[in-house]
Amino acid sequence: MAEPLLKVDDLRTYFSTEEGVVKAVDGVSFQVGAGERRGVVGESGCGKSVTAMSIMRLIEPPAGEIVTGTIQFDGRDLLRLSEAEMQDVRGGEIAMIFQDPMTALNPVYTVGDQLIETILLHQKVSKSEARDIAISALDDVQIPYAKNRMEDYPHQFSGGMRQRVMIAMGLSCEPKLLIADEPTTALDVTTQAQIMTLMLDLAEERNTAVLLITHDLGVVAGFCDTIQVMYAGSIVERGTGDEIFHNPQHPYTWGLLGSMTRLDESQQERLNSVRGAPPSLINPPKGCRFGPRCDFATDICREALPILHQSQEGQKVACHRADELDLKHLTVGVSS
Amino acid sequence: MTDTVHQDTGSGTATMPDDVILRVNHLVKEFPINRGVFFKKQVGAVHAVSDISFQVKRGETLGLVGESGCGKSTTARSVLRLLEPTSGEVWFQGQSEGATDAPVDVAGADREVLHNLRKELQIVFQDPYASLNPRMTVASIVAEPMTVHDIGTQADRLERVKHLLQVVGLSPEHTNRYPHEFSGGQRQRIGVARALALNPQFMVLDEPVSALDVSIQAQVLNLMQDLQEELGLTYLFIAHDLSVVRHISDRVAVMYLGKIVEMTDRDTLYERPMHPYTHALLSAVPIPDPTVEATRKRIILEGDIPSPSSPPPGCRFNTRCPKAEAGTCDVEEPPLTELESGHWVACHFPEIVQVV
Amino acid sequence: MTERGSSDELVLDAAEGISAEPITQWDLFVTRLRRHRLATIAFFYMSFIAYVALMAPLFTCEKNDTFCGRSPVEMGFLTTVIMVIVAVAALYLAYRSFMSKLRGAGIALGVVGLVSVVFLISSWGLLDVPHINHYADQLPDENGRILVNIAPRTSLPLGTDDLGRDVLARVIHGGRASLAVGIVVGALVALLGTVVGSLAGYYPGVVDQSLMRFTDLVLGLPLLPVAIVVGRVLPELRFLPGFLKQGAWGIAVLLGVLVWGALARIVRAEFLSLREKEFVEAARAAGASDRRIIFRHILPNAISPIIVQTTLVVGTAIIIEAALSFLGFGVRPPIPTWGGMAAAGAAIAVRGFWWELVFSAGALISTVLAINFMGDGLRDALDPTQTIERK
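Rules of the game
- Residues numbered from 1 in each chain as written.
- Chains lettered and ligands numbered in written order.
- Predicted model: local features only at pLDDT ≥ 70, side-chain atom pairs only at ≥ 80, totals over all residues.
- Heavy atoms only, no water.
- Helix = DSSP H or I, 4+ residues; strand = E, 2+ residues; numbered from the N terminus.
- Rg over C-alpha atoms; globule rule 2.2 N^0.38 Å.
- Buried < 20%, exposed > 50% of the residue type's maximum accessible area, 1.4 Å probe, protein only.
- Contact = heavy atoms within 4.5 Å.
- Areas by Shrake-Rupley, 256 points an atom, 1.4 Å probe, with all protein chains shown as cover.
- Buried area = accessible area lost by both parts, 1.4 Å probe.
- Salt bridge = Lys/Arg side-chain N within 4 Å of Asp/Glu carboxyl O.
- Polar contact = N/O pair within 3.5 Å; in protein donor to acceptor, adjacent residues only side chain to side chain.
- Nonpolar A, V, L, I, M, F, W, Y, C, P; charged D, E, K, R; others polar.
- Pairing = 2+ DSSP bridges.
- Axes fitted to C-alpha atoms, helices over the stretch in contact; angles between N-to-C directions.
- pLDDT = per-residue confidence, 0-100.
- Disulfide = S-S within 2.5 Å.
- Patch = residues over 30% accessible without salt bridge, like charges linked within 9 Å, V, L, I, M, F, W, Y side chains within 5 Å.
- Phe/Tyr/Trp six-rings, centres within 6.5 Å; stacked < 30°, edge-to-face > 60°.
- Lys NZ or Arg CZ within 6 Å of the ring centre and 35° of its normal.
- Parallel < 35°, antiparallel > 145°, perpendicular 65-115°, else oblique.
- Left-handed = near helix turned anticlockwise from the far one by under 90°.

(A) Representation of the overall build of chain A. Counting secondary structure elements, chain A contains 12 helices and 12 strands. Its C-alpha atoms give chain A a radius of gyration of 21 Å, near enough to 20 Å, the size a compact globule of 336 residues would have. The C-alpha extent of chain A, read off along each of the three principal axes, is 65 × 50 × 45 Å. Taking all 336 residues of chain A together, 56% fall into the buried category. Counting contacts in chain A only where the partners sit at least 6 residues apart, residues at least 24 apart contribute 64% of the total. Accessible surface, chain A as shown: approximately 14100 Å² in total, 49% of it carbon and sulfur.

In structure tokens:
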């Protein structure tokens, strides 16, 4: 296999708070190939967003700090770049779109101005060329009357349209990697469908790698080639969409899937929920972080932290008992 | 049964079948847009809820779904009269000691009647962080409805609070804690305990799980189902998540821009939807299964939802509807009619499409 | 109803790290306030200034009296009662502090309490302790000449003014005007601002609009000119009770009724946002009355801006009172005020006698700064976004 586009190795990002040190990301390693669409799934506080912010080096000291790890992107370690070099990477080779497009756009400049500014920052083009690129970028994200709407201010766009603008801005410099942090969480479901379809088309067409961060397993299912599930600061399972959804090896992934209500199932019984709540990241439980909530935990789970390893089924999983458990054949309702 | 909904047009009193607990007739809620203060001039109105009628049967869960701004939360609040309805009736027919009481119009009730009705009609809110007073202890939060209605002594109330906390799956020792010490899921349970305090018959659940993580969502949904079974509660379940609604509801009503566009029992809605908006909505919901997703066809709607302060003429969905025909849909408003038994649709060109 | 087994909830609690002891709002408040160094120091400094100003009559000799200290009869019944309460409260709080292992605060409060008791006993003539000179005494030397403009020295730590009066005694006594203004303005502002703001915020429409237009009117009055004019007229008004005509009380009341506008606006804004909160809706859904919603749900959540804003207004009011006295429209001589002393001190400072100006102005500035720091500290300590969120 060729050198991956992004290679994160043993990333640890900690935040110091009044109560103690929050180990938001604690030993995360993964690779994303060129053109690959990777989903990062997990519940709030699992460290998925902090992972993205760390890659963009947007962790603000002194509260937050990348303690150890390397982030190889296209042959360079991003953590060793100067701030000036990093600014070229941000928005140039790696673009990021956020959950709330309103706060990411400056309300006192027109959308056109902001697009042109981004383009001028990263490409050696004249102002009029930048303008043309901006208009075609808006066209690409299917904003009607792109030329006229360049003069509009962010508040004149609807939520869905603003997110399109953000995508246009992100893709205008033809990045190799697009990080999308909960891009549709603030949107209605019909708008979400519009945006996700658009992102899929654009990413496929341009062979852009995407890191899609979301809590919604449904969104990931239709979009991503590979998925990694995060829990309490580390990756608990990684595999293809098929592996994760049809043959989960980690009890957390399995529980998460059991917790989901499905549109295409007329199921009225109780959901197979995961009991309890995620642990504190200041004093995580000893052994497996998921141990206290896991129905299959044994002594070893309470003692040793499981590492991510190849399971017999093909995907990587961080569970001591992955190979002996047959989660696929456990029916709903076994755990209460 | 359901066909009576639209016949009864505000005669002042109502006769309702015993199995119906709530009937909403021609409910309208508009928020005036005013200019000036001492010399008020109404320059327009936000038509949040425009003449909707439905009924809820005793012990069932009616799901009310729609996207943001469709008026589903306004409907819920108007039903409970947390907002004053502009017009319309909300008949509540409770039961006491096994017998069915005479229906009462919540929308027209005077202060005292309304105060007593509050015991029967309760609500669980969406945001577990905003719905609990941060300056009150769990005990006083859960006991508040009893305090307000002057039920029992302080000791009785504390006893009941402890019981209620256990009922919703929390430790009864936590009575003197403050909300900030609890996680989102736990807070939502506290909110449920408060709603249960007066033994209500009817509960509005206003997006009770949308602010929660998936695994916590499932816990709360299970709890709501268990409570319904044990206490014989009736739910009006407001949500934007169609898969959650399918899981919990017996019947579902779909709202768009202040109108109910389709209403039927759960499986019919998901398996044989007739309104083009329902089609689009259902096709847009992602399914957590890559194999299914790979073969699904999305109906992508054009444009955005129009402003409720100037809804389009004719069918409110005509501006985005793939089937809209000029001269019909943008002129004449389609009435909500019963096309099959118990299947109500408001569309000029209804058609069964299997989307899911 | 079935009681759901709390076994999994116990796991949940453990995972959540809910502590064994409940954390009360007060605990959070104190912890946060203490973390704010400057505010803590300011708080102690203010307590000291307030204590000294309040007890000033107890520490100073009666004019031309051979025996220092004044009997309860001379001090007035009310003053004596307040002083006894302060002394007892200090001792009780010292005891409580020791019990909760706050040794520093315990010792400080203990000393304060004992000093108060000693001087109280002395005022009955049962004990002779050294006192500070009376603020109006013109101090003579051995030859009977008045000690005018004496620079600070051991026996007179802050020197004397141009009439030979002890500056230390006058600075201490001058704090009483500022203290009176602080208490009265604080109380009036908190009361008027909260009542007007609450009503305006809770009842939209005519009530809101009338009250807010009235507030705008009051806010629009030019403070200093109005205060000068009214302050000038106050002593001439026959129907006013005596205590409002002289001393700081009249000025304090006057300032109080002039400066509540800003707080009213803040409280109104708080009410407008809080009344839309879901917990208020929940109370309404439970059938709670307007009164209960206002007093039980909205006000407690609006209390932080009320306290913070009141604190800041008190600081401003003390400055304004000083300015009035400086200009000669405030408290009448010979009663000392920091503003009045600064005016007199400024006149002699040009001749090199700097101490009266420096010490009076210093007391004023440090007090107002301390109040503002306290306001900052309270703002942080009471910020609900900090106390509610767990993240």
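Now, onward.
(B) Representation of the interface of chain B and chain A within the structure. With 46 residues of chain B at the contact, the number on the chain A side is 43 residues. Taken together, both faces of the contact between chain B and chain A bury some 3700 Å²; the carbon and sulfur share is 55%. Area buried by chain B at its contact with chain A is led by B:Val214, B:His247 and B:Pro288, which between them contribute 18% of it. The interface formed by chain B and chain A includes 1 salt bridge. Between A:Arg262 and B:Asp289 there is a salt bridge, and its shortest N-O distance comes to 3.4 Å. Counting the contacts that link chain B with chain A gives 14 residue pairs in polar contact (both at pLDDT 80 or more). Contributions of two or more residues to the side of chain B that touches chain A are made by helix 6 (214–231), helix 7 (242–248), helix 8 (266–271), helix 9 (276–284) and helix 10 (290–295) of chain B. Among the elements that line the side of chain B that touches chain A, the one with the most residues is helix 6 of chain B, at 9 residues. Partitioned by chemical class, the residues of the side of chain B that touches chain A number 21 nonpolar, 11 polar and 14 charged.

(C) Quick look at the pattern of salt bridges. All names here are of chain A. On inspection of all chains with the given rule, the structure shows 45 salt bridges over all chains. Among the salt bridges present, the one from Glu-204 reaches Arg-37, with a minimum N-O distance of 3.8 Å. In this pair, Glu-204 is assigned in helix 8 (residues 189–206) and Arg-37 in strand 3 (residues 37–41), connecting sequence segments 167 residues apart. When its relative accessible area of 51% is taken as the criterion, Glu-204 is described as exposed.

(D) Looking closely at unusual backbone geometry. One non-glycine residue, A:Arg57, lies in positive phi territory at about 55°. Counting through the fold element by element, A:Arg57 comes out in the loop between helix 1 (48–55) and strand 4 (64–73). For B:Leu257, which is not glycine, the phi dihedral falls at a positive 50°. The topology assignment puts B:Leu257 in the loop between strand 11 (251–256) and strand 12 (259–265). Using a relative accessible area of 1% as the deciding quantity, one classes B:Leu257 as buried.

(E) Inspection of the pairing of strand 13 (residues 337–340) of chain B at higher detail. Residues and elements named next belong to chain B. Bridge count for strand 13 against strand 14 (residues 343–345) is 3 bridges, and the pairing is antiparallel. Looking at strand 14, one finds that Glu-340 is bridged to His-343. Following strand 13, the chain reverses through 2 residues before pairing antiparallel with strand 14; Gly-342 in that reversal takes a positive phi of roughly 75°.

(F) Looking closely at the side chain of C:Ser178. Position of C:Ser178 among the secondary structure elements: in helix 7 (residues 167–202). Sequence-distant contacts of C:Ser178, defined by excluding residues within four places in its chain, comprise C:Ile318, C:Glu321 and C:Trp338.

(G) Geometry of the sheet that holds strand 7 (residues 104–105) of chain B. All names here are of chain B. In space, the 4 strands of this open sheet follow the order 2-1-4-7, with antiparallel pairing throughout. Single-partner strands in this sheet number two, and they are strand 2 (41–57) and strand 7. Inspection of the sheet shows strand 1 (residues 20–35) paired to strand 4 (residues 87–92) by 5 bridges, in the antiparallel sense. Across the sheet, residue Asn-25 finds its bridge partner in strand 4, namely Glu-89. Of the strands in this sheet, strand 1, strand 2 and strand 4 are in contact with helix 1 (residues 72–79), which crosses strand 1 at around 110°.

(H) Just the confidence of the model for chain A, in detail. For chain A, per-residue confidence averages 87 on the pLDDT scale, and residues scoring 70 or more make up 96% of the total. Confidence drops under pLDDT 50 across residues 332–336 of chain A; counting only partners more than four residues distant or on other chains, this segment forms 7 contacts.

(I) Region of interest: the pairing of strand 6 (residues 94–97) of chain A. Residues and elements named next belong to chain A. Every second residue of strand 6 is oriented toward a common face, with Ile-94 and Met-96 on one face and Ala-95 and Ile-97 on the other, all of them buried. Where strand 6 lies against strand 7 (residues 177–181), 4 bridges are found, and the strand directions are parallel. In the strand pairing of strand 7, Ile-94 is matched with Leu-177.

(J) Highlighting the sheet that holds strand 13 of chain B. All names here are of chain B. Strand order in this open sheet of 8 strands is 8-9-10-3-11-12-14-13, and the pairing throughout is mixed. Single-partner strands in this sheet number two, and they are strand 8 (121–124) and strand 13. With strand direction ignored, the average angle separating the axes of adjacent strands in the sheet is 25°. Of the strand pairs in this sheet, strand 9 (residues 202–206) and strand 10 (residues 234–239) are connected by 5 bridges, and their pairing is parallel.

(K) Local environment of the state of the cysteines. What the rule picks out here adds up to 0 disulfides over all chains. The closest cysteine sulfur to the non-disulfide-bonded A:Cys294 is located on A:Cys301, 6.3 Å from its own sulfur. Judged by its relative accessible area of 12%, A:Cys294 is buried. No disulfide involves B:Cys315; its sulfur sits 6.1 Å from the nearest other cysteine sulfur, which is in B:Cys329.

(L) Main features of a nonpolar patch on the surface. All names here are of chain C. Residues Val-84, Val-88, Val-118, Ile-121, Trp-124, Leu-126 and Leu-127 make up a contiguous nonpolar surface patch of about 610 Å² in total accessible area. Where the nonpolar patch is concerned, the elements lending two or more residues are helix 5 (77–99) and helix 6 (103–123). Tracing the chain through its elements places Trp-124 in the loop between helix 6 and helix 7. Overall, the relative accessible area of 48% leaves Trp-124 in the partly exposed class.

(M) Focus on the packing of aromatic side chains. Following the criterion strictly, the structure yields 13 aromatic pairs over all chains and no others. With a centroid separation of 5.2 Å and 65° between ring planes, the pair formed by B:Tyr277 and B:Phe317 is classed as edge-to-face. Here B:Phe317 lies in the loop between helix 10 and strand 13 and B:Tyr277 lies in helix 9, a separation of 40 residues in the sequence. Its relative accessible area of 0% is what places B:Tyr277 among the buried residues. Taking 5.8 Å as the distance between ring centres and 55° as the angle between the ring planes, the aromatic pair formed by C:Phe353 and C:Trp355 counts as tilted. Connected via pairs of aromatic rings, a cluster forms that spans C:Phe353, C:Trp354, C:Trp355 and C:Phe359. Stacked on the ring of C:Tyr202, the Lys or Arg C:Arg275 has its end atom at 5.4 Å from the ring centre.

(N) A look at the packing of helix 7 (residues 159–171) of chain A against helix 8 of chain A. Residue and element names in this part refer to chain A. Orientation of helix 7 relative to helix 8, taken along the N-to-C sense of each, is 15°, at an axis distance of 10 Å. On the basis of the axis angle, helix 7 is roughly parallel to helix 8. Crossing hand, helix 7 versus helix 8: right-handed. Side by side, helix 7 and helix 8 meet where Gly-160, Gln-163, Arg-164, Ile-167 and Leu-171 of the first sit next to Thr-191, Gln-194, Ile-195, Leu-198, Met-199, Leu-202 and Arg-206 of the second. Taken together, the residues that form the contact of helix 7 with helix 8 break down as 6 nonpolar, 4 polar and 2 charged.

(O) Main features of the confidence of the model for chain C. All names here are of chain C. Of all residues in chain C, 85% attain a pLDDT of 70 or more, and the chain-wide mean is 80. Per-residue pLDDT, averaged within each element of chain C, yields its smallest value for helix 1 (residues 7–16) (40) and its largest for helix 12 (residues 261–274) (93). The low-confidence segment residues 5–17, where pLDDT is below 50, has 22 contacts with residues more than four positions distant or belonging to other chains. This stretch, residues 387–391, has a pLDDT under 50; its non-local contacts, to residues over four places away or in other chains, come to 14 contacts. Interface confidence for the predicted complex, expressed as ipTM, amounts to 0.84; the pTM equals 0.82.

(P) Molecular detail of the side chain of A:Ser54. Residue and element names in this part refer to chain A. Take Ser-54: it is sitting in helix 1. For Ser-54, a relative accessible area of 0% translates into the label buried. At 2.7 Å, the side chain of Ser-54 forms a polar contact with the backbone oxygen of Val-50. Setting aside anything within four residues of it in sequence, one finds Ser-54 in contact with Leu-11, Thr-13, Ile-59, Ile-66 and Ile-71.

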